[in-house]
Structures are given as structure tokens and as C-alpha cells.
Amino acid sequence: MRTFTFKVNFSYHEFMPFYQGKINNIEVRDREQQVIWINGRHFRPFLTLNGVNGLFKLTLSQRGDIISLNKLE
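Read on for a plain summary of the structure. (Residues numbered from 1 in each chain as written. Predicted model: local features only at pLDDT ≥ 70, side-chain atom pairs only at ≥ 80, totals over all residues. Heavy atoms only, no water.)

1. Concerning the nonpolar core
Formed by 19 residues in total, the largest nonpolar core has its most connected members in Phe 6, Val 8, Phe 15, Phe 43, Val 52, Phe 56 and Leu 58. Those elements giving two or more residues to this core turn out to be strand 1 (2-10), helix 1 (12-19), strand 2 (25-29), strand 3 (35-39) and strand 4 (52-60). Once residues within four sequence positions are removed from consideration, Phe 56 is found in contact with Phe 4, Thr 5, Phe 6, Val 8, Phe 43, Phe 46, Leu 69, Asn 70, Lys 71 and Leu 72. (Core = buried A, V, L, I, M, F, W, Y, C linked by side-chain atoms within 4.5 Å. Buried < 20%, exposed > 50% of the residue type's maximum accessible area, 1.4 Å probe, protein only. Helix = DSSP H or I, 4+ residues; strand = E, 2+ residues; numbered from the N terminus. Contact = heavy atoms within 4.5 Å.)

2. With respect to the sheet that holds strand 5 (residues 66-71)
With antiparallel pairing, the 3 strands of this open sheet are ordered in space as 1-4-5. Strand pairing shows two members of the sheet lacking a second neighbour, strand 1 and strand 5, which therefore form its edges. On average, each strand axis in the sheet is tilted by 25° relative to the strand beside it, whichever way the strands run. In this structure, strand 4 lies alongside strand 5, joined through 5 bridges in antiparallel fashion. Bridged to Leu 60 within strand 5 is Ile 66. Helix 1 rests against strand 1 and strand 4 of the sheet, and its axis sits at about 125° to strand 1. (Pairing = 2+ DSSP bridges. Axes fitted to C-alpha atoms, helices over the stretch in contact; angles between N-to-C directions.)

3. Re the pairing of strand 2
Here strand 2 shows a buried face lined by Ile 26 and Val 28 and an unburied face lined by Asn 25, Glu 27 and Arg 29. Alignment of strand 2 against strand 3, held across 5 bridges, turns out to be antiparallel. Looking across to strand 3, one finds that Asn 25 is bridged to Asn 39. Between strand 2 and strand 3, which pair antiparallel and follow one another directly, the connecting turn spans 5 residues, one of which, Gln 33, has a positive phi of 70°.

4. A closer look at the pattern of salt bridges
Counted by the stated rule, this structure contains 1 salt bridge. Put simply, Asp 65 and Arg 63 hold a salt bridge, and the shortest N to O gap is 2.7 Å. A relative accessible area of 74% places Arg 63 in the exposed class. (Salt bridge = Lys/Arg side-chain N within 4 Å of Asp/Glu carboxyl O.)

5. With respect to the environment of Arg 41
Following the sequence through the fold, Arg 41 ends up in the loop between strand 3 and strand 4. On the basis of relative accessibility, which here comes to 47%, the residue Arg 41 falls in the partly exposed class. In sequence terms Arg 41 and Gly 21 are 20 residues apart; their C-alpha atoms lie 7.6 Å from each other.

6. Re the environment of Leu 58
If you trace the backbone, Leu 58 turns up in strand 4. Along the primary structure Leu 58 and Phe 6 are separated by 52 residues, whereas in three dimensions their C-alpha atoms are 8.3 Å apart. Among residues more than four places away in sequence, those in contact with Leu 58 are Arg 2, Thr 3, Phe 4, Phe 6, Ile 36, Ile 38, Ile 66, Ser 68 and Leu 69.

Purely spatial values, then, with no claim about function.
Written out as C-alpha cells, the structure reads:
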């Protein structure tokens with residue numbers, strides 16, 4: 001398994017195209033500046049009226065499948 005830690009900061013309005021499926025992938029950079037593309041649908045549970053904000057931990061299988069995405073703060 002591989003884990004990545006990164007911050008996300010989207011306002012409610014900025015995140016709406018991802019929520020609605022108009023835009024699929026979100027580009028994030030982990031703490032080592034590695035670029036990761038994650039489908040926006042995985043962030044839907046974290047959407048609030050303030051948007052999607054915070055520190056996240058992504059765990060991937062050896063094949064690159066998402067095992068978990070958790071908000072740390």
C-alpha cells in the first residue's frame with residue numbers, strides 16, 4: 001500500500017463542477033510534491049457549505065486503486 005498526505009482548499013462554488021461530474025479529476029500535490037489525480041466524487045462526503053478544505057490522507061493499493069480517503073483535520 002502507498003499513502004499520500006495533501007491539503008485541499010476549494011470553496012463551495014469552486015467544488016460544484018466536481019460534485020456535479022462536469023469536471024472529473026482533481027490535481028493535488030502531496031507533501032513530497034508528487035502530483036496525484038483523484039476523481040472529484042471521492043471528495044463528496046467532505047463537502048460543507050465552506051467547500052472542501054483540510055488535510056487529507058489517501059491510501060492506494062499496489063495496483064493504484066483507492067483503499068481510503070480520510071480527512072485528518
